[in-house]
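Listed below, chain by chain, are the residues.
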Amino acid sequence: MKVLYTAVVTNTGGRSGKAYSTDGKFEVNVAMPVEMGGKDPDATNPEQLFAAGYSSCFNGALELVLRKNRVRFESTQVTASVSLLEDPEDNGFKIGVHMQASVKGISKEEAEKYVKLAHEVCPYSKATRGNVEVTLEVV
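Residues numbered from 1 in each chain as written. Predicted model: local features only at pLDDT ≥ 70, side-chain atom pairs only at ≥ 80, totals over all residues. Heavy atoms only, no water.

Pairing within the open sheet is mixed, and its three strands lie in the order E4-E5-E6. Edge positions in the sheet fall to strand E4 (75–87) and strand E6 (133–138), since each of these pairs with one other strand and no more. Averaged over all neighbouring strand pairs, the angle between strand axes comes to 20°, with direction disregarded. Seen against the sheet, helix H2 (residues 108–121) touches strand E5 (92–104) and E6 and runs at an angle of roughly 155° to E6. (Pairing = 2+ DSSP bridges. Helix = DSSP H or I, 4+ residues; strand = E, 2+ residues; numbered from the N terminus. Axes fitted to C-alpha atoms, helices over the stretch in contact; angles between N-to-C directions. Contact = heavy atoms within 4.5 Å.)

It is worth spelling out the packing of aromatic side chains at this point. Within this structure, the stated rule accounts for four aromatic pairs. Geometrically, the ring pair formed by phenylalanine 50 and tyrosine 124 is tilted, given 5.7 Å between the ring centres and 55° between the ring planes. With phenylalanine 50 in helix H1 (residues 46–68) and tyrosine 124 in helix H3 (residues 123–128), this pair connects stretches of sequence that are 74 residues apart. Given a relative accessible area of 22%, phenylalanine 50 falls into the partly exposed group. For tyrosine 124, a relative accessible area of 29% gives the class partly exposed. Put simply, the rings of Phe50, Tyr54, Phe58 and Tyr124 pair up and form one aromatic cluster. (Phe/Tyr/Trp six-rings, centres within 6.5 Å; stacked < 30°, edge-to-face > 60°. Buried < 20%, exposed > 50% of the residue type's maximum accessible area, 1.4 Å probe, protein only.)

A full pass over the atoms with the stated rule returns three salt bridges. With a closest N to O distance of 2.5 Å, glutamate 47 and arginine 15 form a salt bridge. Here glutamate 47 is found in helix H1, whereas its partner arginine 15 is found in the loop between strand E1 (9–12) and strand E2 (16–21), with 32 residues between them in sequence. Using a relative accessible area of 10% as the deciding quantity, one classes glutamate 47 as buried. Exposure remark for arginine 15: the relative accessible area of 25% places this residue in the partly exposed category. With its nearest N and O atoms 3.7 Å apart, the salt bridge here joins glutamate 63 to arginine 67. Taken as a pair, glutamate 63 and arginine 67 lie in helix H1 at a separation of four residues, close to a single helical turn. (Salt bridge = Lys/Arg side-chain N within 4 Å of Asp/Glu carboxyl O.)

Structure representation (structure tokens):
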């Protein structure tokens, strides 16, 4: 496959460290969520980073399928809630995603159709399919 773009981000210190891009456009402190015993309430965490990427990618896919189908709409908004879950299979952790999408200017039924289509073409949805439980909700 032809590579269109590659993002490179390095982490030092795991959940008590820093993540930064090699191009210098991105740098954040990373910490365990306070709810799980983390001590830095101003730092982000892998779940927030994943939610930011997935919601942005999914919204782009949603707008793409709307435009390809020549649907007139006012705006879109996508919120990804990424949860860290206990994994009983290995006594470790796994993630789950609840995706809420809104398309202003069309009916809820029509929006549901295009949200499902977006889920089929979104690269993050493709990457998680079969590995992560993702629920979709049109609001």
